[in-house]
Amino acid sequence: MKLSLCIQTPDVGPTVPVALLSGTLDEKLDKAAKWGADGLELITINPVELDAAALRRSIEAYNLEVSAIASGGMAFATGLTLLHSDPQKAEQAKSRMHDLIAFAAAMGAPIVTIGSFRGKAASVGEGARARLASILREGAQDAAAKGVRLVIEPLNHYENDLINNLNDALAFTEEVGHAALGVLIDTYHATFEESSWTEPFRRAMAAGKLWHVHLGDNNRLPPGRGLVDFAAIVATLREIGYDKYLSAELLPKPDADTAGLETLAYMRPLVES
Ligand code: LER
Ligand code: MN
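Residues numbered from 1 in each chain as written. Chains lettered and ligands numbered in written order. Predicted model: local features only at pLDDT ≥ 70, side-chain atom pairs only at ≥ 80, totals over all residues. Heavy atoms only, no water.

### Comments concerning the site of ligand 1
Every residue lining ligand 1 is accounted for by Ser116, Glu153, Leu155, Glu159, Asp186, His189, His214, Arg220 and Glu249. At a separation of 2.6 Å, an oxygen atom of ligand 1 approaches a polar side-chain atom of Glu153. Between Glu159 and ligand 1, the recorded distance is 2.8 Å, taken from a side-chain N or O atom to an oxygen atom. If ligand 1 stood free it would expose 250 Å²; the protein chains cover 92% of that surface. Split into classes, the residues belonging to the shell around ligand 1 amount to one nonpolar, three polar and five charged. (Near = heavy atom within 4 Å. Polar contact = N/O pair within 3.5 Å; in protein donor to acceptor, adjacent residues only side chain to side chain. Areas by Shrake-Rupley, 256 points an atom, 1.4 Å probe, with all protein chains shown as cover. Nonpolar A, V, L, I, M, F, W, Y, C, P; charged D, E, K, R; others polar.)

### Notes on the nonpolar core
Counting residues in each nonpolar core, the largest one holds 83 residues, and the members touching the most others are Leu42, Ile69 and Leu246. When sequence neighbours within four positions are dropped, the list of residues in contact with Ile69 reads Leu42, Thr44, Leu100, Phe103, Ala104, Met107, Ala109, Ile111, Val112 and Thr113. (Core = buried A, V, L, I, M, F, W, Y, C linked by side-chain atoms within 4.5 Å. Buried < 20%, exposed > 50% of the residue type's maximum accessible area, 1.4 Å probe, protein only. Contact = heavy atoms within 4.5 Å.)

### Section: the environment of Thr187
Its location among the elements puts Thr187 in helix H7 (residues 187-193). Spatially, the C-alpha atoms of Thr187 and Leu215 are 5.5 Å apart, while their sequence positions differ by 28 residues. Filtering out sequence-adjacent residues up to four positions away, Thr187 remains in contact with Phe201, Val213, His214, Leu215, Gly216, Phe230 and Ile233. Polar contacts involving the side chain of Thr187 include one to the main-chain carbonyl oxygen of Gly216, which spans 2.7 Å. (Helix = DSSP H or I, 4+ residues; strand = E, 2+ residues; numbered from the N terminus.)

### Describing the packing of helix H5 (residues 128-145) against helix H6 (residues 166-176)
Between H5 and H6, whose axes approach to 9 Å, the crossing angle comes to 65°. Viewed along their axes, H5 and H6 form a crossing whose handedness is right-handed. Where H5 approaches H6, its residues Arg129, Leu132, Ala133, Leu136 and Arg137 are matched on the opposing element by Asp168, Ala171, Phe172, Glu175 and Val176. For the contact of H5 with H6, the residue count by class is six nonpolar, no polar and four charged. (Axes fitted to C-alpha atoms, helices over the stretch in contact; angles between N-to-C directions. Left-handed = near helix turned anticlockwise from the far one by under 90°.)

### Section: the pairing of strand E7 (residues 210-215)
Sheet faces and side chains relate simply in a regular strand, where the side chains alternate between the two faces. Where burial is concerned, most of E7 is hidden: six out of the six residues are buried. As defined by bridge partners, E7 adjoins strand E8 (residues 245-248) across three bridges and the pair is classed as parallel. Within the sheet, the bridge partner assigned to His214 lies in E8 and is Ser247. (Pairing = 2+ DSSP bridges.)

### Some details on the pattern of salt bridges
This structure, assessed with the given rule, holds 19 salt bridges. Its salt-bridge partner being Asp38, residue Arg268 comes within 3.0 Å of it at the nearest N-O pair. On the criterion of sequence distance, the pair formed by Arg268 in helix H10 (residues 256-272) and Asp38 in the loop between helix H1 (25-34) and strand E2 (39-43) is long-range, its members being 230 residues apart. For Asp38, a relative accessible area of 23% translates into the label partly exposed. Glu194 is the partner of Arg203 in a salt bridge, and the nearest nitrogen-oxygen pair spans 3.9 Å. Among the charged side chains, a network of salt bridges with common partners joins Glu159, Asp186, Arg220 and Glu249. (Salt bridge = Lys/Arg side-chain N within 4 Å of Asp/Glu carboxyl O.)

### Considering the coordination of the manganese ion (ligand 2)
Looking at the metal site, the manganese ion (ligand 2) is ligated by Glu153 (OE), Asp186 (OD), His214 (ND1) and Glu249 (OE), spaced 2.0 to 2.3 Å from it. One can describe the donor arrangement at the manganese ion (ligand 2) as octahedral, given that its six donor atoms subtend angles of 70 to 174° at the metal. One chain supplies every donor for the manganese ion (ligand 2), spaced along it as E-x32-D-x27-H-x34-E. Within this pair, whereas His214 is found in strand E7, its partner Glu249 is found in the loop between E8 and H10, the two being separated by 35 residues in sequence. (Donors = N, O, S within 2.8 Å, 3.2 Å for Na, K, Ca; no water. Tetrahedral: all angles 85-135°; square planar, octahedral: opposite > 155°, others 65-115°.)

### With respect to the side chain of His84
The topology assignment puts His84 in the loop between helix H3 (72-78) and helix H4 (87-107). Side-chain polar atoms of His84 contact the backbone nitrogen of Asp86, separated by 3.0 Å.

### What to know about the packing of aromatic side chains
The final tally for this structure, using the stated rule, is two aromatic pairs. Between Tyr158 and Phe192 the ring centres are 5.9 Å apart and the planes differ by 65°, which places this aromatic pair in the edge-to-face class. On the criterion of sequence distance, the pair formed by Tyr158 in the loop between strand E5 (149-152) and H6 and Phe192 in helix H7 is long-range, its members being 34 residues apart. Classification of Tyr158 by relative accessible area gives exposed; the value is 64%. The partly exposed category is assigned to Phe192, whose relative accessible area is 33%. For the ring pair Tyr188 and Phe192, a centre distance of 5.2 Å and an interplane angle of 80° mean the geometry is edge-to-face. Of this pair, Tyr188 and Phe192 both sit in helix H7, four residues apart, roughly one helical turn. Aromatic rings pair up to connect Tyr158, Tyr188 and Phe192 into one cluster. Seen from the ring of Trp211, Arg149 lies directly overhead, with NZ or CZ sitting 3.6 Å from the centre. (Phe/Tyr/Trp six-rings, centres within 6.5 Å; stacked < 30°, edge-to-face > 60°. Lys NZ or Arg CZ within 6 Å of the ring centre and 35° of its normal.)

Don't take any of this as a statement about function, it's just geometry.
Next comes the structure, spelled out in structure tokens:
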């Protein structure tokens with residue numbers, strides 16, 4: 001199991017509420033490496049504005065990997081979502097989805113996350129789920145052709161009205177029916193919707209679909225500052241053979257650096273014990 005921190009790339013104007021680490025890109029990379037991260041999850045909104053080759057060289061110079069490309073900043077910073085009441089905005093969002101996939105391939109990132117970027121069913125009404133399935137089938141085809149995969153993330157029902165728990169996410173991957181769509185479990189969202197710390201991970205793994213994990217305590221603070229049993233989760237992940245990333249996506253509290261440092265300090269001994 002590897003550990004990463006979510007940071008936002010320079011194309012994202014406003015500060016995304018779950019982005020960690022302060023300073024310039026180089027300062028962020030330096031801190032992540034010094035504090036023992038294996039990788040970074042990049043929150044980006046318009047990757048065509050970025051020099052991907054230069055960014056990849058910078059990240060690799062610090063011996064870090066890109067664990068994932070996160071679409072979570074998209075709705076927050078641009079208002080673009082795959083389901084959208086304005087068909088033009090929905091089209092733009094779909095085009096950004098393909099840009100994120102191309103960016104993932106360019107960065108050597110294995111996955112692109114689909115969280116709040118999916119939009120809400122209520123914004124389009126009847127047929128929303130089937131429409132999302134069709135968009136993500138197209139995305140999965142593109143991803144597979146580029147050696148990348150997509151993960152759908154259950155979000156708590158206060159944040160989203162479509163796919164709130166792991167069982168529904170797994171059902172959705174079957175509806176999409178493409179091998180390049182899996183799931184991401186975010187421990188923060190799971191605290192609202194699941195009935196066990198560990199069973200959702202087992203079910204996702206048994207389905208062959210557990211490809212990424214977001215870390216956040218129940219209060220979205222760094223692990224150890226809330227109620228989530230991370231020791232039980234990591235022990236289960238080890239038992240079921242999960243060897244991918246645990247990626248901190250949480251509030252920058254008490255500040256963006258302390259949250260990153262504290263997460264790594266708390267999780268590293270669990271992951272390595
Ligand atoms: C995204 O990964 C997430 O967890 C949401 O709460 C925000 O998009
Ligand atoms: Mn998340």
